Amino acid sequence: MTEATHITQNTEVTKKYIDHLLKQLTGDYQNTKQERKEIASLSLTAEDEFTILEEIELLTSDIRGYASQIQARGWIENEQEAIDRLQTMQVFDVPALAQFYFTTDGHYRQMKAYIRMLDYLRLLMLEYLRCYQHSQQE
């Protein structure tokens, strides 16, 4: 098996997994409805520009948007820009999310699982895009 064939096979497997995670995240998000209501009532600190839910929504929108492009076309427009964006879009670099995640011991388990899965999807897409980019260069 050539390296190009191996990369192509890995890319296809990763794409299928991205499709699977995208569907799973849709269901998982719907299952967080009660927790989202509770989270909406959490107070903000003065330096937070967005609420915790708004931060989650922003990440969800960006990550799911990229995943939807991969699902529909197998590639993303402005690929290098997307890779750069996905690299800098680290969930726990958002202070409000990091504080929420690490200071609410034992609470909001479904939302925390959703956040972890969202970040995993982000990392998986980075791997996919790098492999796709590499296969296009050969």
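Residues numbered from 1 in each chain as written. Predicted model: local features only at pLDDT ≥ 70, side-chain atom pairs only at ≥ 80, totals over all residues. Heavy atoms only, no water.

Before going further, it helps to examine the overall build of the chain. A count of helical and extended segments in the chain gives six helices and zero strands. Secondary structure elements in the chain, listed N-terminal to C-terminal, are α-α-α-α-α-α. A burial count over the chain gives 40% of its 138 residues as buried. A separation of at least 24 residues holds for 76% of the contacts in the chain among residues at least 6 apart in sequence. When the accessible surface of the chain is split by element, carbon and sulfur atoms take 50% of a total near 8,100 Å². (Helix = DSSP H or I, 4+ residues; strand = E, 2+ residues; numbered from the N terminus. Buried < 20%, exposed > 50% of the residue type's maximum accessible area, 1.4 Å probe, protein only. Contact = heavy atoms within 4.5 Å. Areas by Shrake-Rupley, 256 points an atom, 1.4 Å probe, with all protein chains shown as cover.)

All right, on to the environment of Ser 41 then. Here Ser 41 is to be found in the loop between helix H2 (33-40) and helix H3 (52-73). Here Ser 41 falls in the exposed class, since its relative accessible area comes to 61%. Only 2.6 Å separates the side chain of Ser 41 from the backbone oxygen of Glu 38, close enough to count as a polar contact. (Polar contact = N/O pair within 3.5 Å; in protein donor to acceptor, adjacent residues only side chain to side chain.)

Scanning the model with the defined rule gives four salt bridges in all. In this structure, Asp 62 engages Arg 85 in a salt bridge whose closest nitrogen and oxygen atoms are separated by 2.6 Å. Of the two residues, Asp 62 sits in helix H3 while Arg 85 sits in helix H4 (residues 79-88), which places them 23 residues apart along the sequence. Classification of Arg 85 as partly exposed rests on a relative accessible area of 37%. Between Arg 73 and Glu 77 there is a salt bridge; the shortest N-O distance is 3.7 Å. (Salt bridge = Lys/Arg side-chain N within 4 Å of Asp/Glu carboxyl O.)

Quick look at the packing of aromatic side chains now. By the definition in use, this model includes six aromatic pairs. Ring geometry for Tyr 17 versus Tyr 120: centroids 6.0 Å apart, planes at 75°, classification edge-to-face. Remark: Tyr 120 occurs in helix H6 (residues 109-137) and Tyr 17 occurs in helix H1 (residues 3-30); sequence separation between them is 103 residues. An aromatic cluster is present here, built from Phe 92, Tyr 101 and Phe 102 joined pairwise through their rings. When the ring centre of Trp 75 is taken as reference, the NZ or CZ atom of Arg 73 above it lies at 4.3 Å. (Phe/Tyr/Trp six-rings, centres within 6.5 Å; stacked < 30°, edge-to-face > 60°. Lys NZ or Arg CZ within 6 Å of the ring centre and 35° of its normal.)

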